[in-house]
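# A look at the structure
Chain residues, written in single-letter form:
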Amino acid sequence: MTNFLSLADVSNIDALIQSGLDAKANPFADQHLGKNKTIGMIFFNSSLRTRMSTQKAAQNLGMNVMTMNVGQDSWGLEMEEGVLMNGDKAEHVREAAAVMGRYCNIIGIRAFAELKDRDKDYREQVMHQFAKYARVPIVNLESATRHPLQSLADCITIEEAKLKSSLIPARPKVVLTWLPHFKPLPQAVANSFSEWMNARDVEFVITHPEGYELAPEFVGNARVTHNQDEAFEGADFIYGKNWSSYAHYGQVLTQDSSWAVTMADLRLTNNGKFMHCLPVRRNLKVADEVLDSPQSLVIEQAANREWSAQAVLKEILITM
Ligand code: SN0
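Residues numbered from 1 in each chain as written. Predicted model: local features only at pLDDT ≥ 70, side-chain atom pairs only at ≥ 80, totals over all residues. Heavy atoms only, no water.

## Describing the packing of aromatic side chains
Remark: the centre distance and the inter-plane angle together describe each pair of aromatic rings, the angle taken between the planes. We count it as follows: Pairing of aromatic side chains requires ring centres within 6.5 Å, counting the rings of Phe and Tyr and the six-membered ring of Trp. Pairs whose planes differ by under 30 degrees are stacked, by over 60 edge-to-face, and all others tilted. A helix here means a DSSP run of H or I that spans at least four residues, while a strand means a run of E at least two residues long, and both kinds are numbered starting from the N terminus. For the exposure calls, accessible area comes from a 1.4 Å probe over protein chains only, and a residue counts as buried if that area is under 20% of its type's maximum, exposed if over 50%, partly exposed in between. Only when the NZ atom of a Lys or the CZ atom of an Arg is both within 6 Å of the ring centre and within 35 degrees of the ring normal do we say a charge sits over the ring.
For the structure on display, the rule yields 10 aromatic pairs. Seen from their ring centres, Trp178 and Tyr212 are 4.6 Å apart, and the 45° between their planes marks the pair as tilted. With Trp178 in strand E7 (residues 173-178) and Tyr212 in the loop between strand E8 (203-207) and helix H8 (216-219), this residue pair connects regions lying 34 residues apart in the sequence. With 6.4 Å between their ring centres and 85° between their planes, Tyr246 and Tyr249 make a pair best called edge-to-face. We note that Tyr246, like Tyr249, is buried. The ring of Tyr246 has Arg118 sitting right over it, with the charged end atom 3.9 Å from the ring centre.

If you want it as structure tokens, here you go:
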């Protein structure tokens, strides 16, 4: 693997999931792989799990880690080509990425959607500019349209739950449900989860209010319904996430609280497990009773971020 920008960079998902499970069972088996190698983690946005789990994974592999919060620790970075730089951004990505590429063997980047210009966000300018000018492998730490390290951790979590419980069928029913929120959030987590579930052997259903359709290339072969109760019937996994509208780009079209997940909703499922990438706003998106119930996988799912990052970094390191 050279870059890890999306599922398209993965040649064998099953093997990558297994590598994550192996890392979890034996975290320090590959300490030699990253010796004298450095990862730079560049954040344009806030992070808790991604920052800590990726750093931990890199250290498990023996790597050195440097972290940079763009605009706070560093100069603001200009991404557009050929512009007169007389605004608030003091440095161009051409120099910044080229220099970072000299210090680092791998660069991880987090750059959320700005949710203003859909074409611009979906072009993934920041990832592509870094890949072009840094000339080292780039790892997506959540970009405008995707969060593949999260999706890999989600796949690991689902496989692990299947191994632990004989009640979950070999081909589980997985439901991605929209949750209410007053703030416009990116589609990245939902897009990515959908992209990865389309590549797995699951019955995949997406449910959301009208106007919240994801981009068709991410929906793939999922069944889409506006009836959350119907979607939840017999589900083995409920994956909650809020996202803003793609069609009415970046807008909050409804905050209908009936879409929040409660225990009454979970009772419609096949003893379904609840998943969320976190951070989650309690009782706005999901009831306390769900997050605190034995059916919630959110903490294990976050714990698995370490192993998804480790599987990906290992895959990149073995090619160096
Ligand atoms: C981000 C998102 O993409 O939705 C990161 C998720 C891993 N989430 C948020 O920005 C939540 C912010 C909030 O105020 O609830």
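## Focus on helix H3 (residues 93-103)
To keep it simple, the criterion reads: Along the arc lie the directions from the helix axis toward the C-beta atoms. Only heavy atoms matter for contacts: two residues are in contact if any of them lie within 4.5 Å across the pair.
Of all the positions in H3, only Val93, Ala96, Ala97, Met100 and Gly101 are classed as buried. Projection of H3 onto a plane perpendicular to its axis shows the buried side chains occupying an angular sector of 130°, all on one side. Opposite the buried face of H3, at more than 90 degrees from it, the exposed residues are Arg102 and Tyr103. As for H3, its buried residues are in contact with strand E1 (38-43), strand E3 (77-78), strand E4 (91-92), strand E5 (106-110) and helix H5 (125-134).

## Description of the site of the ligand
To keep things clear, this is the line we draw: Proximity is defined per residue: any heavy atom of the residue falling within 4 Å of a molecule or strand makes that residue near it. Two N or O atoms form a polar contact when they lie within 3.5 Å of each other; inside protein one atom must be a possible hydrogen donor and the other a possible acceptor, and for residues adjacent in sequence the pair counts only when both atoms belong to side chains. Surface accessibility follows the Shrake-Rupley procedure with a 1.4 Å probe radius. Residue values consider only the protein chains on display as shielding. For this scheme, ten residues count as nonpolar: Ala, Val, Leu, Ile, Met, Phe, Trp, Tyr, Cys and Pro. Four count as charged, namely Asp, Glu, Lys and Arg, and the remainder, Gly too, count as polar.
Lining the immediate surroundings of the ligand are Phe112, Glu142, His181, Lys183, Leu185, Pro186, Lys241, Cys277, Leu278 and Arg281. The contact in question runs from an oxygen atom of the ligand to an N or O atom on the side chain of Lys183, over 2.6 Å. Note that an oxygen atom of the ligand is positioned 2.7 Å from one of the side-chain N or O atoms of Lys241. In isolation the ligand exposes 410 Å². Once the protein is present, 87% of that is buried. Tallied by class, residues from the shell around the ligand come to 5 nonpolar, 1 polar and 4 charged.

## A few points about the domain arrangement of the chain
Here is the rule we go by: Throughout, the edges of the domains are those of an automatic or database domain assignment. When two components associate, each loses some accessible surface as probed by a 1.4 Å sphere; the sum of these losses over both components is called the buried area.
Per the domain assignment, the segments making up the chain are domain 1 (7-146 + 305-317) and domain 2 (150-303). Centre-to-centre separation of domain 1 and domain 2, based on C-alpha positions: 25 Å. Tallying the contact residues gives 28 residues for domain 1 and 34 residues for domain 2. Both sides together, the interface formed by domain 1 and domain 2 hides about 2600 Å², and carbon and sulfur atoms give 63% of it. Among the residues of domain 1 in contact with domain 2, Leu115, Tyr122 and Arg305 are the three that bury the most area, contributing 26% of the side total.

## Notes on the packing of H3 against H5
Operational definition: Axis angles are defined between N-to-C directions and span 0 to 180 degrees, where every axis is a line fitted to C-alpha atoms and, for a helix, only to the segment in contact. Roughly parallel covers angles under 35 degrees, roughly antiparallel covers those over 145, roughly perpendicular covers 65 to 115, and oblique covers all other angles. Crossing chirality is assigned from the near helix's rotation relative to the far helix, an anticlockwise turn below a right angle marking it left-handed and a clockwise turn marking it right-handed.
Two elements in contact, H3 and H5, have axes whose closest approach is 8 Å; the angle formed by their N-to-C orientations is 60°. With respect to their mutual orientation, H3 and H5 come out oblique. Like other packed secondary-structure pairs, H3 and H5 cross with a definite hand, here right-handed. The residues of H5 that touch H3, namely those facing Val93, Arg94, Ala97, Ala98, Met100 and Gly101, are Gln129, Phe130, Tyr133 and Ala134. Its residues placed into classes, the contact of H3 with H5 shows 7 nonpolar, 2 polar and 1 charged.

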